[in-house]
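One letter stands for each residue in the lines below.
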Amino acid sequence: MSAPRVVIVGGGFGGLFATRALAGVAVNVVLIDKRNYHLFRPMLYQVATGLLSADEIAVPLRSIVSRQRNVEVLQDEVTAIDSAQRRIRLKQHQLPYDFLILATGIQYNYFGHDDWRRVAPGLESLDDADLIRGKVLTAFERAEETAALDHANSEEIQRLLTFVLVGAGTVGIEMASTLAEMSRLALTHDFRHIDPRSARILLYEAAPRVLPTFPEVLSAKALRHLENLGVKVYTNTRVTGVDEGGIVADGKRVPARTVLWGAGVLASPAGR
Ligand SMILES: Cc1cc2nc3c(=O)[nH]c(=O)nc-3n(C[C@H](O)[C@H](O)[C@H](O)COP(=O)(O)OP(=O)(O)OC[C@H]3O[C@@H](n4cnc5c(N)ncnc54)[C@H](O)[C@@H]3O)c2cc1C
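Attention in this report is confined to the structure presented alongside it. (Residues numbered from 1 in each chain as written. Predicted model: local features only at pLDDT ≥ 70, side-chain atom pairs only at ≥ 80, totals over all residues. Heavy atoms only, no water.)

The full set close to the ligand counts 21 residues, and G14, D33, R35, R41 and V78 are the nearest of them. Take F13: an N or O atom from its main chain is 3.1 Å from an oxygen atom of the ligand. G14 is positioned such that a nitrogen or oxygen atom in its backbone is 2.7 Å from an oxygen atom of the ligand. For the shell around the ligand, the elements supplying multiple residues, two or more each, are α1 (13–21) and α7 (170–186). Residues that form the shell around the ligand fall into these classes: 8 nonpolar, 6 polar and 7 charged. (Near = heavy atom within 4 Å. Polar contact = N/O pair within 3.5 Å; in protein donor to acceptor, adjacent residues only side chain to side chain. Helix = DSSP H or I, 4+ residues; strand = E, 2+ residues; numbered from the N terminus. Nonpolar A, V, L, I, M, F, W, Y, C, P; charged D, E, K, R; others polar.)

What follows concerns α1. Looking at α1, one finds that the buried residues are G15, L16, A18 and T19. Take α1 and look down its axis: the buried residues cluster within an arc of 160°, on one side only. Away from its buried face by more than 90 degrees, α1 exposes F17, R20 and A21. Contact partners of the buried residues in α1: β1 (5–9), β2 (28–33), β3 (37–39), α3 (61–65), β5 (71–75) and β9 (99–102). (Buried < 20%, exposed > 50% of the residue type's maximum accessible area, 1.4 Å probe, protein only. Arc of directions from axis to C-beta. Contact = heavy atoms within 4.5 Å.)

The tally for this structure, following the rule as stated, stands at 9 salt bridges. Across the salt bridge formed by R118 and E244, the nearest N and O atoms sit 2.8 Å from each other. Residue R118 is found in helix α4 (residues 116–119), and its partner E244 is found in the loop between β14 (239–243) and β15 (246–249); the two are separated by 126 residues along the sequence. In this structure, D243 and R253 form a salt bridge, with 2.8 Å as the shortest nitrogen-oxygen distance. Pair noted here: D243 is in strand β14 and R253 is in strand β16 (residues 252–255), with a separation of 10 residues, a long-range link. Here D243 falls in the partly exposed class, since its relative accessible area comes to 31%. (Salt bridge = Lys/Arg side-chain N within 4 Å of Asp/Glu carboxyl O.)

With that settled, consider the packing of helix α5 (residues 126–149) against α7. Put simply, α5 and α7 touch, their axes get as near as 13 Å, and they point 35° apart. Considering how the two elements wind past one another, α5 and α7 form a crossing that is right-handed. Counting all contacts with α5, which are made through I132, V136, L137 and F140, the residues of α7 involved are M175, L179, M182 and S183. Split by residue class, the contact of α5 with α7 holds 7 nonpolar, 1 polar and no charged. (Axes fitted to C-alpha atoms, helices over the stretch in contact; angles between N-to-C directions. Left-handed = near helix turned anticlockwise from the far one by under 90°.)

Strand order in the open sheet formed by 4 strands is β5-β2-β1-β9, with parallel pairing between adjacent strands. Two strands bound the open sheet, and with one partner strand each, they are β5 and β9. Averaged over all pairs of adjacent strands, the angle between their axes in this sheet comes to 20°, without regard to strand direction. Pairing geometry for β1 and β2, over 5 bridges, is parallel. Counterpart to V7 in the pairing with β2 is V30. (Pairing = 2+ DSSP bridges.)

Given below as structure tokens:
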């Protein structure tokens, strides 16, 4: 009788820990991910701000499990699960399983405003990190050009140098701190017409404190750290509109050319 087949979907932390736990067990593991690499997400925001390159946080799944003889890796996307028949559907194939472990992570929750995703990307993947890095650096470039060639247009310069982060969970505060460090330290000497230190970094949170799911003492510490870096934090403030020109927060328009999203998550589509 052949060993049972365990299909693990998702090569993130969850999927990889499950794979490793099955080392030496008499099962055949099929590890499936739509990407062929594991992404170390805690360092993603450093790729988004240009402090690290993509290959420093992405490792091929095949090389991670190459020594574990009972594992094979397939790169594909799970599009449906038939639990009655015990099979998963991939883009073009089907695969039967004896046991299924689903570890497909999360996606950002735009609370019914999926059109905001286009304007205000969240940070989940390397593509998002690339997009955000491009948006942030382009905003500084456009501000420099406007200041050089159209310096009377101070409103547009301020819009370009205003960076809004929606959601003060871990991703929001890490992004805000990194943007502050970037503008206050890393870019200070690179421009002739703008002072990157004048960039405004605004962080909005609907809950009464930053890091609302953490102990209060840590929220207070994080708030002090953000304020020392010059980040302006608005708690108890709900963002109700997002478009190319900025946001609406508690009914008030805030002009900004760069809006980034970190407010709440949902299970991935496969998980749901
Ligand atoms: C910017 C950022 C910073 C973070 N910082 C920290 C931190 O400092 N400390 C901390 O503890 N946590 C941090 N986290 C959270 C942490 O990264 C997550 O909790 C963790 O990655 C969750 O692991 P997971 O295995 O559940 O999902 P993931 O790591 O998201 O892995 C899910 C995998 O499933 C794959 N997948 C999804 N759908 C399908 C499908 N249909 N078919 C095939 N494959 C699919 C994806 O490609 C992905 O590889 C951070 C997250 C982010 C985004």
